[in-house]
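# Structural characterization, general
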Amino acid sequence: MKDFPSPSFLLVVKAGHAGALALARIMRSWLETRRASAAILAADAPAETLRAAAAGRSAVIVLGGDGTVVGVCRRLAGLGSAAPPYMGVNFGQVGFLAEVPPDGWEAWLERLLAGTLCARPRLCLAWEARGHAGVNGLAVNDVVVGRGSLARVLPVRVVVEDPDGEEHDLGWVRSDGMVISTPQGTSAYALSAHGALLHPDVRGLAVTPVSPFFKSFPAMVLPPDRGVRLETAPRAPFPAENAGRDEEGPLAVDAFLTVDGQEGFALAPGDAVTVRCLDAGLSQMTLPHDSYFGRLGERGFLRTGAC
């Protein structure tokens, strides 16, 4: 690594995964024989511990599935521009973000030490819930405002905020939820909701409705300097001009905020969640040639055949 005379790595292991821990120990020994140092940390370590252990490292190598990579990166993003690049070794089912195969890691680490991998920047999301929830944080894949346990559509007002402060009220959307995604996050929940699949090098914000009422709202992609505000309905009759309003008066549809599919917060009527793109300094170590489309095919995202 050009910027580090003595390379130093943090190996973050999926909690409770014996195979990942065993490989991490082998990796550490392998690196030490090549005059590089390495420390091992469990992925469920507190955020402060993870960030302290990662600070100043040449790279963070995550041994786990995509969920483990997302959880680690969300906490790494708290380091801002000081966040080291990350690389994932796949011990999960899909392995879209953790693209290094467990049986081919040596070649990847050789490239990492030689400085021939590319650090590609990855956007994050900064979100804030105002009202009853009163929480904020970061997301790597997506932020979702969705319905709770009742099988009823959830009314959510969607407002796009321009950088100059102008707002564009897109109205009430009745659906199972709204998904706001980073480009790399579109391969997760947004894709299942029939949203667009964005190349991770794209700079933008994906907005995807989940089963919208009568297909009333299209999936869309916004520039990275726009924000999106999702407002839950007040506890009052739904506006009469909207078809399908609640005829009984007060709305009683539970709303939940979900972050990266890993953190959840209950929302109250009248709460608002604002989501913006954030360049948090995260970067993913990948091959110099674009392996994105190859990974799509290998992971079953593309199904092609002869004409």
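Taken as a whole, the largest pocket spans an internal volume of roughly 210 Å³. In terms of lining residues, the largest pocket is bounded by 18 residues, among which Asp66, Asn141, Ser187, Ala188 and Tyr189 are the most central. Among the secondary structure elements, those contributing two or more residues to the lining of the largest pocket are helix H3 (66–76) and strand S8 (142–147). Top contributing element to the lining of the largest pocket by residue count: H3, with 3 residues. Counted by class, the lining of the largest pocket contains 8 nonpolar, 7 polar and 3 charged residues.

With that settled, the discussion passes to the sheet that holds strand S6 (residues 124–130). Within the open sheet, the 6 strands sit side by side as S7-S6-S17-S14-S9-S10. Their pairing is antiparallel. Two strands in the sheet have a free side with no partner beyond their single neighbour: strand S7 (135–139) and strand S10 (167–175). Sheet twist, expressed as the average angle between the axes of neighbouring strands with direction ignored, equals 20°. Examined bridge by bridge, strand S14 (residues 227–232) and strand S17 (residues 272–278) share 5 bridges and lie antiparallel to one another. Bridging across to S17, Gly227 finds its partner in Arg276.

Turning our eyes to something else, we now look at the pairing of strand S15 (residues 255–259). Residues Ala255, Leu257 and Val259 line the buried face of S15, whereas the alternating positions Phe256 and Thr258 sit on a face that is not buried. As paired elements, S8 and S15 share 5 bridges and run antiparallel to each other. When the sheet's bridge partners are listed, Arg147 is paired in S15 with Ala255. Hairpin connection of S15 to strand S16 (residues 263–267): 3 residues between the antiparallel strands, including Asp260 at a positive phi of 55°.

Per the stated rule, a full pass over the model turns up 15 salt bridges. With its nearest N and O atoms 3.0 Å apart, the salt bridge here joins Arg147 to Asp176. Placement of Arg147 in strand S8 and of Asp176 in the loop between S10 and strand S11 (177–181) is noted, with a sequence separation of 29 residues between them. Judged by relative accessible area, Asp176 falls into the partly exposed class, the value being 24%.

Our next topic: the state of the cysteines. Counted according to the given criterion, the structure contains 0 disulfides. Summary of cysteine pairing: Cys73 is not part of a disulfide, and the nearest cysteine sulfur, belonging to Cys124, is at 7.6 Å.

Geometry of a packed helix pair, given as the angle between the helix axes and the separation of the axes. The contact between helix H1 (residues 18–32) and helix H4 (residues 105–114) brings their axes to 12 Å, and the two run at 40°. With respect to their mutual orientation, H1 and H4 come out oblique. Of the two elements, H1 crosses H4, and the hand of that crossing is right-handed. The residues of H4 that touch H1, namely those facing Leu23, Ile26, Met27, Trp30 and Leu31, are Trp105, Glu106, Leu109, Glu110 and Leu113. Considered class by class, the residues forming the contact of H1 with H4 number 8 nonpolar, no polar and 2 charged.

Right, let's get into the confidence of the model for the protein. Looking at the protein, pLDDT values average 88 and 89% of them are 70 or higher. Of all the helices and strands in the protein, helix H6 (residues 292–298) carries the lowest mean pLDDT, 79, while strand S1 (residues 8–13) carries the highest, 98. Counting interchain partners and residues more than four positions distant, the pLDDT-below-50 stretch residues 242–250 has 15 contacts.

With respect to topology, 6 strands assemble into an open sheet ordered S13-S12-S11-S8-S15-S16, the strand pairing being antiparallel. Looking at the sheet topology across the chains shown, the edges are occupied by strand S13 (220–222) and S16. Strand-to-strand twist across the sheet, computed as the mean angle between neighbouring axes with direction ignored, equals 20°. Where S15 meets S16, 5 bridges bridge the pair, whose relative direction is antiparallel. Along S16, the bridge assignment pairs Thr258 with Gly264.

Scoring rules and cut-offs
Positions within a chain are numbered from 1, following the residues in the order the chain's sequence is written. With the structure being a predicted model, the display of local features is reserved for residues of pLDDT at least 70 and the display and counting of side-chain atom pairs for 80 or more, all residues being used for whole-chain, interface and lining totals. Just so you know, side-chain values use all the structure's heavy atoms and leave hydrogens and water out. Here a cavity denotes a set of grid points, spaced 1 Å apart and computed over the protein atoms alone, in which a 1.4 Å probe fits but from which it cannot get out, and a pocket denotes an open set meeting protein on both sides within 12 Å along at least five of seven lines; residues with an atom within 4 Å of a point are reported as lining. Grid points are joined across faces, edges and corners, and a volume is the space filled by probe spheres set on the points. For helices the rule is a DSSP run of H or I covering at least 4 residues; for strands it is a run of E covering at least 2, with both sets numbered from the N terminus onward. Following the grouping adopted for this structure description, the nonpolar residues are Ala, Val, Leu, Ile, Met, Phe, Trp, Tyr, Cys and Pro, the charged ones are Asp, Glu, Lys and Arg, and the polar ones are all others, Gly among them. One requirement defines pairing of two strands: DSSP has to find at least two bridges between them. Between the N-to-C directions of two axes lies an angle of 0 to 180 degrees, each axis being a line fitted to C-alpha atoms and, for a helix, fitted only over the stretch in contact. Relative accessibility under 20% of the residue-type maximum defines a buried residue, over 50% an exposed one, and the middle range a partly exposed one, all with a 1.4 Å probe and only protein chains included. By definition, a salt bridge exists where a carboxyl oxygen of Asp or Glu is found within 4 Å of a side-chain nitrogen of Lys or Arg. When the sulfur atoms of two cysteines come within 2.5 Å, that pair is taken as a disulfide. For classification purposes, angles smaller than 35 degrees are called roughly parallel, those larger than 145 roughly antiparallel, those between 65 and 115 roughly perpendicular, and all remaining angles oblique. By the definition used in this description, the sense in which the near helix is turned from the far one sets the handedness, with an anticlockwise turn below a right angle giving left-handed and a clockwise turn giving right-handed. We call two residues in contact when some of their heavy atoms are within 4.5 Å. You can read pLDDT as the predictor saying how much it trusts each residue, on a scale of 0 to 100.

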